[in-house]
Amino acid sequence: MGSDPKCEGLHAEKLLDESALVGAGGELANVFVYVRKGLEGWKFATPTEAVQVTQEGCTYVPHVLGVRVGQPLEIGNGDPVSHNVHGYAKKNPGFNQTQAPGAAVMTKVFNRSEVLVPLKCDIHGWMSTFVGVVENPFFAVSAVDGSFDLGQLPPGDYQIAARHEIFGLQKQDITITAAGAQTIEFSFSEE
Amino acid sequence: MSETTSHPRSPGFGIVFFLLGIVVVGGFGVGWLPEVKSAHGHGIDGVIRYLLGTTGALFFLGCIVLGYFVMKYGRGEAQSGAIVSNRTQAIWAIVPVLVMCAISEVGVLVMGLPVFAEVYGEAPDDAYEVEVVGKQFEWLVRYPGPDGVFGEVDHAKVHETRNPLGLVKSDPAAQDDIVVRGKVHIPVDRMTVVRLRALDVIHSFTVPLFRVKQDTLPGYTAYTQFTPEEVGIFELACAELCGLGHYRMQGSVIVESEESLKNWLSEQEPWL
Amino acid sequence: MAVEDHSAPTSFVKKYIFSQDHKVIGLQYILTALFMAIVGGWLAVMIRTQITWPEKAMVTPENYLSLVTMHGTIMVFFVVSLALVSGLGNFLVPLMLGARDMAYPFLNMLSYWTVVPACFLVLVSFVVEGGAAAAGWTAYPPLSALPEAVPGSGLGQTLWLLAMALFIASFTMGGLNYIATVLNCRAKGMSLMRMPLTVWTYFMSAVLGVLSFPPLTAAAIMLLLDRHGGTSFFLPSGLVFNNEVLAHEGGTPLLFQHLFWFLGHPEVYVLVLPGIGITFDLIASFARRPVFGYKTSVYALWVVGFLSMIVWGHHMYVTGMNPYVGEYFSIATVLITAPFAVLGMNLVASVWRSRIRMEVPMYWALGTVAVIGLGGFGGLFLATSISDIYFHDSFFVVGHFHLMIGVVTVLSTFGALYHWFPKMFGRVMNAGLGKLHFWLTYVPMVALFFLMHLQGMSGLLRRYYDHSIYEFQAPGRELALVITILTYAAFAAQAIFFWNFFYSMFKGVKVGANPWNATTLEWTAPSPAPHGNWPGALPVVDRHPYDYDPAAEEDSDYKPQGVVA
Ligand code: HEM
């Protein structure tokens with residue numbers, strides 16, 4: 001994929017393009033799903049424990065993740081090459097810093113909700129990860145089989161949103177009753 | 001004698017200029033230019049050598065004269081005849097003006113124009129065409145494919161991994177375009193015309209051994225042309241500050257025979 | 001017009017801080033510049049350390065670019081401009097013209113106090129988010145326009161632009177003041193063609209500065225608007241960052257380069273010409289003979305000044321500008337070597353049939369002459385568009401422009417400080433230390449920038465954080481270590497100067513009004529020169545500025561240019 005010979009040595013096979021991972025039956029992975037509306041009245045304690053993302057084999061792991069407003073995000077470099085961590089945030093302040101091999105972990109805190117904030121390495125253009133910054137703990141990233149689990153929402157009316165780095169945003173309204181599990185399905189298509 | 005010692009004297013200071021002249025001329029004389037590998041490059045090196053020769057000689061002469069003056073007049077002896085007429089002073093102004101105009105315009109016009117024609121002149125019809133696009137921090141190389149036509153691009157469609165140049169699907173000419181990162185394959189002994197563009201900031205396409213350097217400006221299409229004379233792999237670098245990865249915007253130009261170039265091209269999949 | 005006789009200030013603040021006395025303001029500029037020089041020099045040390053041992057990764061790539069950018073910016077605008085042009089110029093021009101002060105003393109004070117906040121902004125920008133500006137001292141957009149392009153293009157670049165705007169305002173006030181002073185405040189009998197060459201060069205420098213800075217002001221404002229106002233003067237459509245096209249459209253990055261170099265090239269002469277003028281004056285004072293070719297030198301200055309305004313495009317040969325336009329610029333640019341050669345010839349010929357006194361300033365002056373030659377000839381390689389294809393943005397360029405705007409200017413500034421120190425403080429600087437300082441500065445500086453030419457010849461590219469991943473840059477890298485050691489030496493040697501300067505200010509040997517037996521008017525004023533420069537009447541000029549006779553008795557071999565009644 002890339003043009004950095006040092007990166008090519010780090011993985012046996014060619015790197016996978018993670019921007020649109022679609023299963024055999026059309027299941028879409030790496031969609032960030034979250035509760036967009038309906039929890040305005042609630043207050044949730046901000047976790048102090050940091051969320052981790054690392055650069056390994058010249059790729060970001062994981063490729064999509066969620067973090068709470070105010071919760072620290074720790075970015076590490078496990079590679080023998082330098083990367084620059086370039087946060088293209090719009091509502092939060094952007095940043096762009098080189099992280100040399102073995103350099104200290106970089107800690108970032110986002111103070112406003114923003115879905116999704118891309119983190120990129122400009123030196124290795126293919127490297128990116130997407131951070132969903134949200135205000136409540138009800139979010140998930142779709143798995144390889146396209147499934148996701150938002151956890152136990154209290155009964156009420158909600159707007160659930162799903163955002164994919166390529167295919168964009170979709171929203172659906174649902175009502176949760178005390179009765180039990182609810183299923184919601186999003187389908188994306190390339191324009 | 002007492003007069004001449006009442007002020008500090010140091011005629012030996014003149015040696016500084018002799019040494020400077022020798023070191024500078026000797027230093028350049030070592031020949032730092034790497035061996036040139038393109039046709040027009042010989043012309044560029046010719047201009048450089050011409051300038052080295054002429055200005056080197058003048059600089060050396062100047063050093064010798066200044067050094068000699070300092071040694072001779074540094075001893076503190078009274079000198080007569082220092083005041084000369086306006087006419088003499090004017091003549092000694094006209095001489096350097098004529099010398100420098102001659103030397104410099106011979107460089108630009110007599111030596112330079114033929115090379116200028118090679119570098120910027122009309123390319124022959126059978127020139128080989130390839131497109132190189134600069135972006136932070138790599139060179140994207142596009143080959144027109146069998147139809148020989150570069151298809152349409154739309155920057156709104158650019159995606160790092162999915163469509164790095166933003167090729168437009170609906171354009172048939174774009175269907176067979178080949179996009180490769182960092183590797184420019186070109187034929188030996190035939191003129192290559194490189195179409196240069198940039199996606200984000202200014203870059204500069206330089207292949208030092210070919211004596212090629214051309215900025216790529218976003219919003220413009222620039223061209224540079226050269227004829228490689230030797231099969232081999234030559235380093236491609238960026239010569240205009242383009243951001244924190246400027247220093248590692250490395251690529252390579254692979255010069256090969258027509259035969260193996262054709263083979264290589266036929267093995268490539270179109271991007272779309 | 002006579003300068004209004006402003007009476008001597010009495011309070012400390014009026015005398016030394018918000019002073020309107022050109023000598024105090026000149027010293028304020030010089031001291032500010034000396035401070036900034038320590039910063040700029042330290043940045044050079046860091047730059048050299050990083051590129052010599054890239055594997056140690058002493059700084060990150062983005063910080064490295066900030067170092068290079070700020071080193072260049074500080075050295076050009078806040079060291080050389082301030083020390084040589086604003087500082088020494090302020091001190092010397094009225095004294096050499098036989099004036100009581102500058103034409104506009106208040107404007108003079110204002111111009112100094114405008115540049116102080118600019119220095120402050122430049123220094124502060126190192127610690128803001130994203131770091132100091134990193135787009136090079138040339139600040140080419142789009143790199144300098146878009147925060148996403150490089151971290152330094154965030155707040156750091158904004159502060160850089162504001163600092164530039166303040167600097168330009170200050171420098172323009174200063175330039176107008178020089179022009180007005182030269183045209184209106186000359187002593188009786190001081191016709192233009194009797195002015196010392198130092199004053200002539202300051203005059204040319206001011207004219208060039210006043211004519212060429214406005215376009216840069218415009219460019220800076222347009223760039224600020226592109227950055228913060230959503231305009232697109234310099235930004236074309238279709239710029240892609242992070243897979244998204246920016247909203248800008250219709251501008252062109254080339255426009256900025258034209259505006260920048262329309263200033264940038266004359267700016268080089270703004271800096272270099274006073275250095276050359278001072279060198280002429282120092283040589284005359286210590287060679288004890290009239291300057292050779294005074295008139296032809298003045299004409300050459302005018303030609304240089306004129307040509308320098310019409311050749312800016314030679315910085316842009318490979319930018320994609322129409323090559324035929326480039327060819328015009330090339331033909332015109334190389335012509336500058338002609339008047340320059342006249343100046344160089346005249347400098348050398350001014351030593352012919354002389355009787356040299358090897359006082360400290362003369363070391364610096366003679367040393368400068370050779371560097372003008374080396375730097376001048378080097379320029380021809382870059383001015384010729386064909387050879388520039390190879391040299392553009394290589395270390396050859398770095399070596400060349402340092403020789404001209406770094407070495408010629410720094411050497412002549414030092415020479416001038418040693419020479420005019422008595423007029424500033426009534427004492428001389430220690431000669432032994434002065435010579436030691438000369439050798440430890442001259443040899444490493446000339447050597448290291450000469451070696452950079454060779455690096456450029458071999459293909460080494462500038463503004464590189466790490467050259468080691470390229471095979472073609474390997475031969476050039478072999479010289480890096482030597483260059484870096486020479487840099488350390490040159491930097492360390494400045495401690496000698498600082499000690500000598502400040503020690504001599506209070507403890508140096510006291511001297512009279514004219515310790516060098518020199519002819520120009522400033523030496524008819526007491527040392528140190530009082531407020532108003534001459535306690536009684538102003539001198540009246542009755543001859544040309546360099547009336548030395550090397551055939552006469554040693555101690556009566558000169559006639560002052562004017563006499564005080
Ligand atoms: C001993 C003294 C000095 C040393 C060792 C030195 C060294 C350097 C080095 C290594 C660079 C970076 C070259 C590159 O990779 O692009 C540089 C850039 C530069 N220096 Fe100096 N320098 C010195 C003094 C000066 C002075 C006195 C000036 C005054 C005008 C100056 C003006 C500049 C400028 C304008 C740049 C270009 C910055 C840019 O690329 O944006 N330097 N210098």
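The structure contained in this document is the topic of the report that follows. (Residues numbered from 1 in each chain as written. Chains lettered and ligands numbered in written order. Predicted model: local features only at pLDDT ≥ 70, side-chain atom pairs only at ≥ 80, totals over all residues. Heavy atoms only, no water.)

**Describing the packing of helix α10 (residues 337-349) of chain C against helix α11 (residues 360-383) of chain C**
Residue and element names in this part refer to chain C. Their axes nearest at 10 Å, the elements α10 and α11 cross at an angle of 160 degrees. Relative to α11, the element α10 lies roughly antiparallel. As α10 runs across α11, the sense of the crossing is left-handed. Judged by residue contacts, Thr337, Phe340, Leu347 and Val348 of α10 engage Val369, Ile372 and Leu380 from α11. Across the contact of α10 with α11, the residue classes break down as six nonpolar, one polar and no charged. (Axes fitted to C-alpha atoms, helices over the stretch in contact; angles between N-to-C directions. Helix = DSSP H or I, 4+ residues; strand = E, 2+ residues; numbered from the N terminus. Parallel < 35°, antiparallel > 145°, perpendicular 65-115°, else oblique. Left-handed = near helix turned anticlockwise from the far one by under 90°. Contact = heavy atoms within 4.5 Å. Nonpolar A, V, L, I, M, F, W, Y, C, P; charged D, E, K, R; others polar.)

**Considering the packing of aromatic side chains**
Here the structure, examined in full by the defined rule, presents 72 aromatic pairs over all chains. Between Tyr143(B) and Trp264(B) the ring centres are 5.2 Å apart and the planes differ by 65 degrees, which places this aromatic pair in the edge-to-face class. Of this pair, Tyr143(B) sits in strand β2 (residues 138-143) while Trp264(B) sits in helix α6 (residues 258-267), and the two are 121 residues apart along the sequence. Neither residue differs from the other here; Tyr143(B) and Trp264(B) are each classed as buried. Consider the rings of Phe233(C) and Phe234(C), whose centres lie 6.4 Å apart with planes at 55 degrees: the pair is tilted. Overall, Phe233(C) belongs to the partly exposed group, its relative accessible area being 33%. Take Phe234(C): its relative accessible area is 0%, and that puts it in the buried class. Between Arg211(B) and the ring centre of Tyr390(C), over which it is positioned, the NZ or CZ distance is 4.7 Å. (Phe/Tyr/Trp six-rings, centres within 6.5 Å; stacked < 30°, edge-to-face > 60°. Buried < 20%, exposed > 50% of the residue type's maximum accessible area, 1.4 Å probe, protein only. Lys NZ or Arg CZ within 6 Å of the ring centre and 35° of its normal.)

**With respect to a nonpolar patch on the surface**
All names here are of chain B. Together, Ile22, Val25, Phe60 and Ile64 line one region of the surface with nonpolar side chains, adding up to about 300 Å² of accessible area. Going through the elements one at a time, α2 (14-29) and α3 (39-73) are the ones with two or more residues in the nonpolar patch. As for its position among the elements, Phe60 is in helix α3. (Patch = residues over 30% accessible without salt bridge, like charges linked within 9 Å, V, L, I, M, F, W, Y side chains within 5 Å. Areas by Shrake-Rupley, 256 points an atom, 1.4 Å probe, with all protein chains shown as cover. Salt bridge = Lys/Arg side-chain N within 4 Å of Asp/Glu carboxyl O.)

**Examining the environment of Ile278(C)**
All names here are of chain C. Following the sequence through the fold, Ile278 ends up in helix α7 (residues 253-287). Among the residues examined, Ile278 registers a relative accessible area of 0% and is labelled buried. Each C-alpha atom of the pair Ile278 and Val245 lies 53 Å from the other, and the pair is 33 residues apart in sequence. With residues near it in sequence (within four places) discarded, Ile278 still touches Leu84, Leu88, Thr198, Tyr202, Ser412, Ala416 and Trp420.

**Here's the deal with the coordination of the iron atom of the ligand**
Residues and elements named next belong to chain C. Here the iron atom of the ligand is held by His71 (NE2) and His402 (NE2), and the distances to it run 1.9 to 2.0 Å. Angles of 87 to 179 degrees at the metal separate the six donor atoms of the iron atom of the ligand, which places the site in the octahedral class. Linking His71 in helix α3 (residues 61-97) with His402 in helix α13 (residues 395-425), this pair joins segments that are 331 residues apart in sequence. (Donors = N, O, S within 2.8 Å, 3.2 Å for Na, K, Ca; no water. Tetrahedral: all angles 85-135°; square planar, octahedral: opposite > 155°, others 65-115°.)

**Side note on the site of the ligand**
Residues and elements named next belong to chain C. Taken together, 25 residues sit near the ligand, with His71, Trp137, His402, Arg462 and Arg463 positioned nearest. Between the ligand and Arg462, the relevant distance is 2.9 Å, taken from an oxygen atom to a side-chain nitrogen or oxygen of the residue. The contact in question runs from an oxygen atom of the ligand to an N or O atom on the side chain of Arg463, over 2.7 Å. Sorting the residues of the shell around the ligand by element identifies α2 (22-52), α3, α13 and α14 (431-457) as the ones contributing at least two each. Of the residues assigned to the shell around the ligand, the class counts are 16 nonpolar, six polar and three charged. (Near = heavy atom within 4 Å. Polar contact = N/O pair within 3.5 Å; in protein donor to acceptor, adjacent residues only side chain to side chain.)

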